[in-house]
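This is what each chain is made of:
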Amino acid sequence: MEYHERPASIRQARLNPFDRGVDDDGPPGCKTLPRHETRPELFSSERRSQSLDRVMDLGLAEDHFSRPDGLFVASDMETLKMAIEECKRLILELPEHSERQKDTVVKLIHLRLKLQELKDPEEDEPNLRVLLEHRFSKEKSKSVKQTCDKCSTIIWGLIQTWYTCTGCYYRCHSKCLNLINKPCVRSKVSHQSEYELSICPEIGLDRQDYRCAECRTPVSLRGVPSEARQCDYTGQYYCSTCHWSDTAVIPARVIHNWDFEPRKVCRSSMRYLALMIARPVLRLKEVNPLLFNFVEELVEIRKLRQDILLMKPYFITCKEAMEARLLLQLHDRQHFVENDDMYSLQDLIDISSGRLSCSLTEIHTTFAKHIKLDCDRCQAKGFVCELCKEGDILFPFDSHTSVCHECSAVYHRDCYYDNSTTCPKCARMTERKQDDPSDPKDA
């Protein structure tokens, strides 16, 4: 086989494609420009255009969400870094608000996402991981609006694996899981269901040894090396990683001052308060009984709750009420059908805003209507005032009645307080007991 050497003009064109008037792989027969005929100003513009085209092609042609294998990863990362720098330079050179500048910005974002993917490649991660009582569940959302609670950076859900604790909703990258040193707040709620009832119990930064109360990072009020941020709930100081200046309603300020203004709290306090907000753990008549003297809404809610407790025996013995599931209208506030003195923080917030008064009044009306008008069985369990023996059937939750604390008999309020004698039913029971001590009815 004979070897034919290519002409020098073809070899030169292959070595320097920028000296040609068209692309090297153009159609046959295209005329090339001689080197001495190429104008310098056109050459400079052409070089810049081709440089931009190379960056654009890199942004369009490559699959930015594929994972390179083998030894090409390191070289691809260097190539991407060079392409990113080229894009940044071109963005500054192109006219502002032009279409080419906007396209270049889009390509820059794609290149950076590709570089991030190479730095943090997705691996086969388990769907559930347990760590420090956290139960981390692998998320499938591609949203980029989440922030890692460990490293405080954005979670790129499109290319990064991330987890959320099903108990306290702690979010983090998969690469940050093994760095977590904060136990799940849900366990604290399960073992210690109570609030700090002192207003901002500060102990001082010096008592904390000038370190974050949670991660023990050195902090100071001057911000060197890290800014000290106070949590209004615990009174302690935290670093900027553990305290993001989130705000929450402080239970101690509500109970003592009826103050619902949100205050800055650390991340762990925010999660704890969020998990505790619906738990009925506040016994107001023990913590601050004088609060009922200054907040009229509390007195109104307490009366409605007492009436509901008086209605409960009618419903649990009424077939129609059980079938209608009337008591389930309070399923989100189950403690309202169990006692009248326990409140949750959400109850107090709703009382302050007026929402609870409206909803509870409506439920109270529905319950009273069933007992007094709709159900014959419940009506038959009413009372007749034995003092005046006049008027309609009385019920213990009526506003104009009084109930005997000994035998639960119901009377008109005016009759009961105006009569100087004891309760007639109590008198009969006492007389019967004296006549026949062995009577089982007296047991």
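Preceding this paragraph is the structure being described.
Right, let's walk through the structure included here. (Residues numbered from 1 in each chain as written. Predicted model: local features only at pLDDT ≥ 70, side-chain atom pairs only at ≥ 80, totals over all residues. Heavy atoms only, no water.)

**Things to note about unusual backbone geometry**
Thinking step 1. A positive phi angle, near 65 degrees, is found at S152, a position not held by glycine.
Thinking step 2. Here S152 shows up in the loop between β3 (146–147) and β4 (154–155). (Helix = DSSP H or I, 4+ residues; strand = E, 2+ residues; numbered from the N terminus.)

**Quick notes on the pairing of strand β2 (residues 134–138)**
Thinking step 1. The sheet contact formed by strand β1 (residues 128–131) and β2 spans 4 bridges and is antiparallel. Residue R129 lies in a different strand from β2, and its bridge partner there is F136.
Thinking step 2. Where β1 folds back onto β2 in an antiparallel hairpin, the turn is made up of 2 residues, including L132, whose phi is positive at roughly 50 degrees.
Thinking step 3. In the sheet, β2 pairs with strand β5 (residues 162–165) via 3 bridges, with the strands oriented antiparallel. (Pairing = 2+ DSSP bridges.)

**What about the nonpolar core?**
Thinking step 1. With 72 residues, the main nonpolar core has L284, L298 and L348 as its most contacted residues.
Thinking step 2. Of all the elements, helix α10 (residues 296–316) adds the most residues to this core, at 7 residues.
Thinking step 3. Dropping the residues within four chain positions of it, L284 is found in contact with I255, P289, L291, F292, L298, D341, Y343 and L348. (Core = buried A, V, L, I, M, F, W, Y, C linked by side-chain atoms within 4.5 Å. Buried < 20%, exposed > 50% of the residue type's maximum accessible area, 1.4 Å probe, protein only. Contact = heavy atoms within 4.5 Å.)

**Examining the sheet that holds β1**
Thinking step 1. What the 4 strands build is an open sheet, ordered β1-β2-β5-β6; its pairing is antiparallel. Looking at which strands have only one partner, the edges of the open sheet turn out to be β1 and β6 (171–173). Taking each pair of neighbouring strands and ignoring which way they run, the sheet shows an average axis angle of 30 degrees. (Axes fitted to C-alpha atoms, helices over the stretch in contact; angles between N-to-C directions.)

**Focus: the packing of aromatic side chains**
Centre-to-centre distance and the angle between the planes together describe a pair of aromatic rings.
Thinking step 1. For the structure shown, the criterion picks out 7 aromatic pairs.
Thinking step 2. Look at Y314 and F397: their rings are 6.3 Å apart centre to centre, the planes differ by 80 degrees, and that puts the pair in the edge-to-face class. Of the two residues, Y314 sits in helix α10 while F397 sits in the loop between α14 (376–379) and β13 (401–403), which places them 83 residues apart along the sequence. Each member of the pair Y314 and F397 is classed as buried.
Thinking step 3. Between the NZ or CZ atom of R302 and the centre of the ring of F292, over which it lies, the distance is 4.4 Å. (Phe/Tyr/Trp six-rings, centres within 6.5 Å; stacked < 30°, edge-to-face > 60°. Lys NZ or Arg CZ within 6 Å of the ring centre and 35° of its normal.)

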